[in-house]
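What the coordinates show
Each chain, letter by letter, is given below.
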Amino acid sequence: MNKMKIALTLISIAIVVGPLVGVLLVYRDNLMGLVLPPEIKDLSSNSNKDSSSVSKFLNISVLQLPTLAGQPYYNQQTGAFSYPINFTNPLSTEISVDQISAEIKSKNSNIILGNISITQPIKIAPGANGIINATGILDPATVNQLKDQYSGNINNLVLENVNIIVAGVQMHFDELDAGSLQSLLG
Amino acid sequence: MKTLSPRLNWFGLAAGIIILIVLVISFYVPWWQLTVGQDLVKVNASPVNTNFGLFGKQFTVPLIWATNLVSILTLTASGVVMLVYSIFPAKSYSKELLGFSYKKPLYILILFVSGLLVITAIAGVLGFSIPLVGSTNFAVPTQFIPSNFAITALVSGSFQLPFYLAIVAAALCIAARLYHQRATGITNHASSTSASTNVTQK
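Conventions and cut-offs
Residues numbered from 1 in each chain as written. Chains lettered and ligands numbered in written order. Predicted model: local features only at pLDDT ≥ 70, side-chain atom pairs only at ≥ 80, totals over all residues. Helix = DSSP H or I, 4+ residues; strand = E, 2+ residues; numbered from the N terminus. Buried ≥ 20, exposed ≤ 12 C-beta atoms within 10 Å, placed from the backbone. Contact = placed C-beta atoms within 7 Å. Axes fitted to C-alpha atoms, helices over the stretch in contact; angles between N-to-C directions. Parallel < 35°, antiparallel > 145°, perpendicular 65-115°, else oblique. Left-handed = near helix turned anticlockwise from the far one by under 90°. pLDDT = per-residue confidence, 0-100. Nonpolar A, V, L, I, M, F, W, Y, C, P; charged D, E, K, R; others polar. Core = buried A, V, L, I, M, F, W, Y, C linked by C-beta atoms within 7 Å.

**Quick notes on the overall build of chain B**
Scanning chain B for helices and strands turns up five helices and six strands. Start at the N end of chain B and walk to the C end: the helices and strands fall as α-β-β-β-β-α-α-α-β-β-α. For chain B, the residues scored as buried account for 32% of the 202 residues in total. In chain B, the share of contacts with a sequence separation of at least 24, taken over all contacts with a separation of at least 6, comes to 66%.

**Some points on the overall build of chain A**
From N to C terminus, chain A includes four helices and nine strands. Helices (α) and strands (β) of chain A occur, in sequence order from the N terminus, as α-α-α-β-β-β-β-β-β-β-α-β-β. In chain A, buried positions account for 20% of the 186 residues. Expressed as a percentage of contacts within chain A between residues at least 6 apart in sequence, the contacts between residues at least 24 apart total 59%.

**With respect to the packing of helix H2 (residues 62-87) of chain B against helix H3 (residues 94-101) of chain B**
Residues and elements named next belong to chain B. Interaxial distance between H2 and H3 falls to 9 Å at its minimum, and their mutual angle equals 150°. Taken together, the axes of H2 and H3 are roughly antiparallel relative to one another. Helix-helix and strand crossings are classified by hand; for H2 and H3 the assignment is left-handed. Facing H2, whose interface residues are Ser78, Val81, Met82, Val84 and Tyr85, H3 presents Ser94, Leu97, Leu98, Phe100 and Ser101.

**Examining the confidence of the model for chain B**
All names here are of chain B. On average, residues of chain B carry a pLDDT of 85, and 88% of them reach 70 or more. Here residues 1-5 scores under 50 on pLDDT; set against residues more than four positions off or in separate chains, the count is five contacts. Predicted confidence is poor over residues 188-202, with pLDDT under 50, and the contacts of this stretch with residues over four places away or in other chains come to three contacts. In the predicted complex, the global pTM is 0.77; the interface-specific ipTM is 0.78.

**Observations regarding the interface of chain A and chain B**
Facing the 35 residues of chain A at the interface are 32 residues of chain B. If you list the elements that add at least two residues to the side of chain A that touches chain B, you get helix H1 (3-26), helix H3 (54-60), strand S4 (95-106) and strand S9 (169-177) of chain A. A total of ten residues in the side of chain A that touches chain B trace back to one element, the largest contributor, which is H1(A). Within the side of chain A that touches chain B, the residues separate by chemical class into 21 nonpolar, ten polar and four charged.

**Here's the deal with the nonpolar core**
Residues A:Ile100, A:Ile104, A:Ala134, A:Val166, A:Val169 and B:Ala153 are the most contacted members of the largest nonpolar core, which totals 33 residues. Listed in part, the 27 residues of the second largest apolar core include B:Trp32, B:Leu97, B:Phe163 and B:Ala176.

**Quick look at unusual backbone geometry**
With a phi angle near 55°, A:Ala167 is a residue other than glycine that sits in the positive phi range. Residue position: A:Ala167 is located in the loop between strand S8 (157-166) and S9. On the neighbour-count criterion, A:Ala167 (22 C-beta atoms within 10 Å) is buried. Its identity as a non-glycine residue notwithstanding, B:Asp39 has a phi of 60°, on the positive side. Of the residues examined, B:Asp39 has 16 C-beta atoms within 10 Å and is grouped as partly exposed.

Printed below as a string of structure tokens:
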């Protein structure tokens, strides 16, 4: 074996062994750190498998549920309403909210009162809040019927078949609490 | 009479240059990229620079970083040695230089593709369908999310320019190996012709 061949073989070995031994030495006290970077470790330590609620899951996956912003509007004659939603973009990249749609249902009587959706997609800058105006129409006859049935107090509204498309990810909830939406109906 | 001597192994020269170009480009452009949604999850995979993006945060895995460093050094050595060989294909040590350099890009390419195939196969077994090329709608398996909740996202995978350049580089390396016999043969023929001419003159 000539000198050139020996030198090239040694270079080949050093190239492969050097970096691997180096990183093993650096992480010798924390071998899990070799395959589990701190970013993933943080995410998995926040993840509590026991928590089954949607909001807890969304908190660990960074995307947060939209919240009500400002005063909802409801026209009792036409049934038209608008519902301003605050959506926070926690990411370092711009995201678009392409769709929010749901059915509004009275859980007590199992009657669908109307629908809610957003009129157009919006883009939200990194770390910023975006106000999305969700609009819809509640059937006035059904609302009045329920008011009569429950002595003017409709307090068990839920959002059903909620579909949210944000940042290219589609989320579907079978049912969500309608929250302050029912305050519209008095 | 002058004999045209191929002083260079042109395939090797092209291979050496392309290997170094692939190396430089791969720092900026991955060989294969996977995106989920609007860059919510991003995997930039290449033997030179593999990193992951999760909700806008970039990170790398130390063990993968070390293997990337192995690939960087391997491609650098392979490219440089291939260039040196190509310029001196008829030297006594040229066969060693060629043997050292021509197989490495092919090995890196095969290991990279094999790694991708193994990872996507394992992901498939776990219920995560990852397309190597193209797009698919990916539904998060129900065991990972709460009941009455579903998430689907568009997952896209694609090979990028450096991957195709690496294939070209590997092919040129093999061509350089096949051309080696011919190149040195013609050179030897040229030198023997020159030597016999000298003898005749004497």
